[in-house]
Protein chains: 4
Amino acid sequence: MHVEIIAVTNYTAGEGAPVGLLEHAGRACYQSESRGQPGKFVQARVREGHESIIEHASVTFDISGISRACSHQLVRHRIASYSQESQRYVDMSAPEFVIPPSVVGNPDAVAVWDEFMAGVTGAYQRLRQLGVRKEDARFLLPNATATRIIVTMNFRSLRHFFSVRGEKAAQWEIRALALEMLRQVHQLAPAVFADQYERYLGQEGK
Amino acid sequence: MHVEIIAVTNYTAGEGAPVGLLEHAGRACYQSESRGQPGKFVQARVREGHESIIEHASVTFDISGISRACSHQLVRHRIASYSQESQRYVDMSAPEFVIPPSVVGNPDAVAVWDEFMAGVTGAYQRLRQLGVRKEDARFLLPNATATRIIVTMNFRSLRHFFSVRGEKAAQWEIRALALEMLRQVHQLAPAVFADQYERYLGQEGK
Amino acid sequence: MHVEIIAVTNYTAGEGAPVGLLEHAGRACYQSESRGQPGKFVQARVREGHESIIEHASVTFDISGISRACSHQLVRHRIASYSQESQRYVDMSAPEFVIPPSVVGNPDAVAVWDEFMAGVTGAYQRLRQLGVRKEDARFLLPNATATRIIVTMNFRSLRHFFSVRGEKAAQWEIRALALEMLRQVHQLAPAVFADQYERYLGQEGK
Amino acid sequence: MHVEIIAVTNYTAGEGAPVGLLEHAGRACYQSESRGQPGKFVQARVREGHESIIEHASVTFDISGISRACSHQLVRHRIASYSQESQRYVDMSAPEFVIPPSVVGNPDAVAVWDEFMAGVTGAYQRLRQLGVRKEDARFLLPNATATRIIVTMNFRSLRHFFSVRGEKAAQWEIRALALEMLRQVHQLAPAVFADQYERYLGQEGK
């Protein structure tokens, strides 16, 4: 799994982007003056549940090496924008696969897995040689097939995403993705994500 | 592929549901009186591009026998509600598969397909016997695996869906799904869908 | 304020609409069988926070006699569909006004109010006589001007609306609207709204 | 009316923000290589109707001096984020008003207008002196009252907004707002907005 932030909202009319922008938006509601601590102001609004102001900032991630099982779950989050690598147009004759940890730790399961995945590649290539188009040959490709997806979410939508997918009950792969995204956006906007960072990633430094 | 309408908006304050409701909403904007032809009124609004009034009516479909490739495309339409059969919780040791027409028409490809799919079932069952949980064993399952999904869309979102997925350039499976949905909602609300029915399904009766 | 439900999702493939539909959707996720108690099933899902299944049902309200101040707040709820009486097209020379309780209870304030509102109507009519179009004459109309709006929300969006606007900190008019909507949908789907009914309206029957 | 861009998506992983980001997203779908002309690539995608890639970029506007009539129309655009000056919390005893051009050009109408607006301010202040809270005194304030609102929209939502509100049939104030927004975002991303700039603002330089 590779996760990289490739874009973020830039506050061009002041300092402290992106949190400065959120304070700007929040203070417009009350025509109040900034006291020079955008982080404190924004954190207080989030704590009160006044989350609409944090929608003004967004982040774009370039995510690769996640399975199609994971991307299918991810795109169910509708307040977001997605551009995904298309198996209709991209040749998949040498795909990568995401292997679950529970398989990795089980040598017999690894043997089944390896044999099966070798068969996938062979069958895909044979269908292609028989004149089947990419968009139909991909019907063979398993959920494990790695994909790449560009995802833009605003901070409010991200907080919702983390609250659902950061929990221990979440499926392992989308949870790992959510936590990596959280780790990265926390650095950009600690005032917005500190409580979730503490909740889901607080132990990691200890 | 099986598509069945299981719910539709019922206009309880008047007649001619669901189109009667759309006229009710449209006439509220202008405080105008009904002239007893909700279909004409609504059709005129849609033709003008005043599509917001048709959002008030929705339809729910129970869709089964589509591939996971198709459902992955479907759920990218964000102005809709989805409840999908979960491969995390449902046992998939005897899955059904959707086979592309281009494979069906190619005996050599069918041979490759059949051998591959037999292997899928075997490998899934072996992983399960080795103690791998359903949510991880499903990583082997191909895009062809049939799924079931409950979909609710309002009429405006449906019109957008049909305009994108009804076109000949659309991928064959989601196009077949879109046209079947169009065929069915056209019967419920011809005033809303007549132009699209004519465009995409007009030849079928000839 | 007048609030009337004019449409609701009808579950055509089974019994117990609209809650029966929600159970249908929820059981599709797990391929589980109904045990004949859709209410219990749905209530359990809502309690767990699995709210996506309740999106499949919607209600449409015909709301009149609320102020434009209130409708401006209402339409900020974006997961909904609206058709509002247009002051651009409807003649407003004899408008109704919503008067705040705090004014009603203050005779001096009532005197100021009555004089002012008489002036509104006069000024609007004079502008119209001077050839100013409705869409510009309405610039004089106060926030108190009564409006009518058709609103469709799904059950999940309604629950969010009630959680924000049902609280005592909410502005009085939109709170009164929210509680009246809650009272009415609770009758349609007690399994979905019982906890909120208890929280916000529980005292009313005592 | 004052419109100022206060934030825009910054493409941190490459050059040519924000259009460079849109190309990045678009090329991820096809795993194709950039040829160094993000503008051409993005313009071609928009022309084809493949608008999802332009959702990844957003702009935030700080808008003031528009009427509440205008802001009520604006917030009906649901794929956007808003933070609006609250008449519940901000003292409005010296409000500014937006005056329609049709009134400005009509001396008799101006006389009616001026007398009326003087009365608004007086009545608001008297209610406040009588102990009526801001949130209730504001019921007197007319649609003409100037407001301030922070608006974030992604490029796809902006294109839709311009296509509806840029047309000559649109109400004059929201049209003026839309065209000023278009003028400003066109400078940031000509590849995305050139066709609409030409259509709605093409004559202005001649």
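Since the model is a prediction, treat every value here as computed from it, not as a measurement.

## Examining the relation of the copies chain B and chain A
Taken as rigid bodies, chain B and chain A are interconverted by a rotation of 180° and an axial shift of 0.0 Å, the fit giving an RMSD of 0.0 Å. Here the two chains are linked by the operation of a two-fold rotation axis. Considering only C-alpha atoms, the residue of chain B closest to the rotation axis is Pro142(B), which sits at 1.9 Å. In this assembly the copies share their binding face: 100% of the residues contributing to the interface of chain B also contribute to that of chain A.

## Some details on the interface of chain A and chain D
On the side of chain D, 35 residues touch chain A, which itself brings 35 residues to the contact. Summing both sides of the interface, chain A and chain D together bury roughly 2800 Å²; the carbon and sulfur share of this comes to 55%. Taken together, the connections running from chain A to chain D amount to zero salt bridges. The interface formed by chain A and chain D includes 22 residue pairs in polar contact (both at pLDDT 80 or more). Of all the secondary-structure elements, those providing two or more residues to the side of chain A that touches chain D are strand E1 (2-11), helix H1 (19-30), strand E2 (58-67), strand E3 (81-84) and strand E4 (146-154) of chain A. Here the side of chain A that touches chain D gets eight residues from one element, more than from any other, and that element is E1(A). A class-by-class count of the residues in the side of chain A that touches chain D yields 18 nonpolar, twelve polar and five charged. One ladder, built from five bridges, connects E1(A) with strand E1 (residues 2-11) of chain D; its direction is antiparallel. Paired with Thr9(A) across the two strands is Thr9(D), which belongs to E1(D).

## Let's talk about empty space enclosed by the protein
This structure, assessed with the given rule, holds one cavity of 30 Å³ or more. Taken as a whole, the largest cavity holds about 40 Å³ of empty space. Arg68(C), Ala69(C), His72(C), Asn143(C), Arg68(D), Ala69(D), His72(D) and Asn143(D) together form the lining of the largest cavity. Contributions of two or more residues to the lining of the largest cavity are made by helix H3 (68-74) of chain C together with helix H3 (68-74) of chain D. Its residues assigned to classes, the lining of the largest cavity shows two nonpolar, four polar and two charged.

## Quick word on helix H2 (residues 38-48) of chain C
Residues and elements named next belong to chain C. Listed as buried for H2 are Phe41, Val42, Arg45 and Val46. Within H2, the buried residues cover an arc of 130° as seen down the axis, which keeps them to one side. Opposite the buried face of H2, at more than 90 degrees from it, the exposed residues are Lys40, Arg47 and Glu48. Turning to H2, the residues buried within the fold contact helix H1 (19-30), helix H7 (155-165) and helix H9 (190-201). Positive backbone phi, approximately 90°, marks Gly49, located one or two places after H2.

## Side note on the relation of the copies chain A and chain D
Overlaying chain A on chain D yields an RMSD of 0.0 Å, the required transformation being a rotation through 180° with an accompanying axial translation of 0.0 Å. Interface overlap between copies is the fraction of interface residues in one copy that are interface residues in the other; for chain A against chain D it reaches 100%, indicating a shared surface.

## Some remarks on the side chain of His24(C)
Here His24(C) shows up in helix H1. His24(C) gets classed as buried once you look at its relative accessible area, which sits at 17%. Leaving out residues up to four positions away in the same chain, His24(C) has contacts with Ile6(B), Asp62(B), Arg148(B), Ile150(B) and Tyr11(C).

## Overview of the confidence of the model for chain A
Taken over all residues, the pLDDT of chain A has a mean of 95, while the share at 70 or more is 99%. Prediction confidence for the complex, expressed as pTM and ipTM, is 0.96 and 0.95 respectively.

## Brief notes about the interface of chain B and chain A
Taken together, the 49 residues of chain B in the interface contact 49 residues of chain A. Buried surface at the junction of chain B and chain A, both sides included, amounts to about 4100 Å², of which 58% is carbon and sulfur. At the boundary of chain B with chain A, the tally comes to 23 residue pairs in polar contact (both at pLDDT 80 or more). When contributions to the side of chain B that touches chain A are tallied by element, the ones reaching two or more residues are helix H3 (68-74), strand E3 (81-84), helix H4 (101-104), helix H5 (107-129), helix H6 (134-137) and helix H8 (172-188) of chain B.

## Observations concerning the pattern of salt bridges
Between side chains of opposite charge, pairing is possible as soon as their charged atoms come close. For the structure shown, the criterion picks out 44 salt bridges over all chains. For Arg133(B), the salt bridge goes to Glu135(B), with nearest N and O atoms at 3.7 Å. In this structure, Arg27(D) and Glu23(D) form a salt bridge, with 2.8 Å as the shortest nitrogen-oxygen distance. Of the two residues, Arg27(D) and Glu23(D) are both situated in helix H1 (residues 19-30); the distance of four residues between them amounts to about one turn of the helix. Comparing Arg27(D) with Glu23(D), the two get one shared label, buried.

## Some points on the sheet that holds strand E2 (residues 58-67) of chain C
Reading across the sheet, the eight strands line up as E3(B)-E4(B)-E2(B)-E1(B)-E1(C)-E2(C)-E4(C)-E3(C) and stay open at both edges, with antiparallel pairing between neighbours. Of all strands in the sheet, those with a lone pairing partner are E3 of chain B together with strand E3 (81-84) of chain C, marking the two edges. Averaged over all neighbouring strand pairs, the angle between strand axes comes to 15°, with direction disregarded. Pairing between E3(B) and strand E4 (residues 146-154) of chain B: four bridges, direction antiparallel. Note on E4(B): the bridge partner recorded for Tyr82(B) is Val151(B). Sheet contacts for H7(C): E2 and strand E4 (146-154) of chain C; angle to E4(C), the most-contacted strand, approximately 125°.

## Considering the pairing of E4(A)
Residue and element names in this part refer to chain A. The buried fraction of E4 is high, at eight of nine residues. Note: E2 against E4, nine bridges, orientation antiparallel. The residue bridging Ser64 from the neighbouring strand is Arg148, located in E4.

## Examining the domain arrangement of chain A
Residue and element names in this part refer to chain A. The domain architecture assigned to chain A consists of domain 1 (2-83 + 146-205) and domain 2 (88-140). Contact with domain 1, which involves six residues of that partner, is made by seven residues of domain 2. Carbon and sulfur atoms make up 69% of the surface buried where domain 1 meets domain 2, a total of about 430 Å² over both sides. On the domain 1 side of the contact with domain 2, Ser67, Ala146 and Trp172 bury the most area, a combined 81% of that side's loss. Joining domain 1 to domain 2, the criterion identifies zero salt bridges. If you look at where domain 1 meets domain 2, you find one residue pair in polar contact (both at pLDDT 80 or more). Elements with a contribution of two residues or more to the side of domain 1 that touches domain 2: E2 and helix H8 (172-188).

Criteria and cut-off values
- Along every chain, residues carry numbers that run from 1 in the direction the sequence is written.
- To label them, take the chains in the order written and letter them from A, then take the ligands in the order written and number them from 1.
- With pLDDT at 70 or above as the cut-off, local features in this predicted model cover only qualifying residues; side-chain atom pairs require 80 or more to be listed or tallied, and sums for whole chains, interfaces and linings still use all residues.
- Processing note: side-chain calculations cover all non-hydrogen atoms of the structure and skip hydrogens and water entirely.
- The copies are overlaid by a least-squares fit using only the C-alpha atoms of residues whose pLDDT is at least 70 in both copies.
- Throughout, a residue-residue contact means that at least one pair of heavy atoms, one from each residue, lies within 4.5 Å.
- As a working definition, buried area equals the accessible area (1.4 Å probe) given up by two parts on being put together, with both sides summed.
- Take a side-chain nitrogen of Lys or Arg and a carboxyl oxygen of Asp or Glu: if they are within 4 Å of each other, that pair is a salt bridge.
- Each polar contact in these results corresponds to two N or O atoms within 3.5 Å; when the atoms are within protein, one needs to be able to donate a hydrogen and the other to accept it, and residues that are neighboring in sequence are counted only if both atoms are side-chain atoms.
- Helix and strand labels come from DSSP, where a helix needs a run of H or I of at least four residues and a strand needs a run of E of at least two; each type is numbered from the N terminus.
- Residues are grouped as follows: Ala, Val, Leu, Ile, Met, Phe, Trp, Tyr, Cys and Pro are nonpolar; Asp, Glu, Lys and Arg are charged; all remaining types, including Gly, are polar.
- Here the rule is simple: two strands pair whenever DSSP picks up at least two bridges between them.
- Cavities and pockets were defined on a 1 Å grid built from protein atoms only: a cavity is a group of points that admits a 1.4 Å probe but offers it no way out, a pocket is an open group of points flanked by protein on both sides within 12 Å along at least five of seven lines, and a lining residue is one with an atom within 4 Å of any such point.
- Grid points are joined across faces, edges and corners, and a volume is the space filled by probe spheres set on the points.
- Exposed residues in this analysis have more than 50% of their type's maximum accessible area, buried residues have under 20%, and partly exposed residues fall in between, with area computed by a 1.4 Å probe over protein chains only.
- Along the arc lie the directions from the helix axis toward the C-beta atoms.
- A score between 0 and 100, pLDDT records how confident the predictor is in each residue.
- To get an axis, fit a line to the C-alpha atoms, keeping to the stretch in contact for a helix; angles then go from 0 to 180 degrees between the N-to-C directions.
- Domain limits in this description derive from either an automatic procedure or a database domain assignment.

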